[in-house]
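# Observations on chain architecture
What follows is each chain in one-letter form.
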Amino acid sequence: MNQAVPERGCGECGMCCKLLSAPSLGKPPRKWCGHFRRRTGCDIYADRPSECRGFNCGWLLTPSLADDWRPDRCGFLLHQDEGRVIVEVDPSTPQAWKKPPFEATLRAWAATGTEVVVLVADKGLRLGEPDRPVKARRT
Ligand code: SF4
Ligand code: SF4
């Protein structure tokens, strides 16, 4: 498992408990998990399923991303999927990834050869010149 940046923690974030699926719980993407409690977090933390246990978002893993990239602050979370950077945007803030400094940073990664895919609800966009729509695919 990838290690989180020392002294960086989820705090009150919980965005992965909304945006990602948890198949073993039957939890679909983009809906809050029934076990998530605002302020206290997961109410089955000690027994949470392996897909939750094994997940660290890109902000937790990447020292160069400042605190304004914490998912509950920026409105999207980053994770890797087969070498691609997935930008999973909260559908309640669909334009969040376009705010400075986010879009410019994501485009800079794409310009240097990293595949960057922005997912907003059921729509996917691969950043590039030009951007291309792609089929949304989620873990
Ligand atoms: S999205 Fe990242 S920071 Fe937020 S709760 Fe999940 S792992 Fe923690
Ligand atoms: S089981 Fe816990 S960690 Fe997993 S999605 Fe639900 S609230 Fe989040």
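Note that the structure is a prediction, hence the values are computed from the model and not measured.

Calculation notes
- Residues numbered from 1 in each chain as written.
- Chains lettered and ligands numbered in written order.
- Predicted model: local features only at pLDDT ≥ 70, side-chain atom pairs only at ≥ 80, totals over all residues.
- Heavy atoms only, no water.
- 1 Å grid on protein atoms, 1.4 Å probe; cavity = no way out; pocket = protein on both sides within 12 Å on 5 of 7 lines; lining within 4 Å.
- Points joined across faces, edges and corners; volume = space filled by probe spheres on them.
- Nonpolar A, V, L, I, M, F, W, Y, C, P; charged D, E, K, R; others polar.
- Near = heavy atom within 4 Å.
- Core = buried A, V, L, I, M, F, W, Y, C linked by side-chain atoms within 4.5 Å.
- Buried < 20%, exposed > 50% of the residue type's maximum accessible area, 1.4 Å probe, protein only.
- Helix = DSSP H or I, 4+ residues; strand = E, 2+ residues; numbered from the N terminus.
- Contact = heavy atoms within 4.5 Å.

Approximately 1100 Å³ is the volume found for the largest pocket. Surrounding the largest pocket, 50 residues form its lining, Cys16, Cys52, Phe55, Asn56 and Cys57 being those nearest its centre. A breakdown of the residues in the lining of the largest pocket according to their chemical character gives 27 nonpolar, 14 polar and nine charged.

Below, the discussion takes up the site of ligand 1. The immediate surroundings of ligand 1 are formed by Cys10, Cys13, Gly14, Met15, Cys16, Cys57, Trp59, Leu60, Pro71 and Leu77. Grouping the amino acids of the shell around ligand 1 by side-chain chemistry returns nine nonpolar, one polar and no charged.

Before going further, it helps to spend a moment on the nonpolar core. Trp69, Phe76, Leu78, Val87, Trp97 and Leu106 are the most contacted members of the largest nonpolar core, which totals 19 residues. Contributing elements (two or more residues each) for this core: helix H3 (58-61), strand E3 (76-81), strand E4 (84-89), helix H5 (102-111) and strand E5 (116-120). Not counting residues up to four positions away in its chain, the partners in contact with Val87 are Phe76, Leu77, Leu78, Trp97, Leu106, Val116, Val117, Val118 and Leu119.

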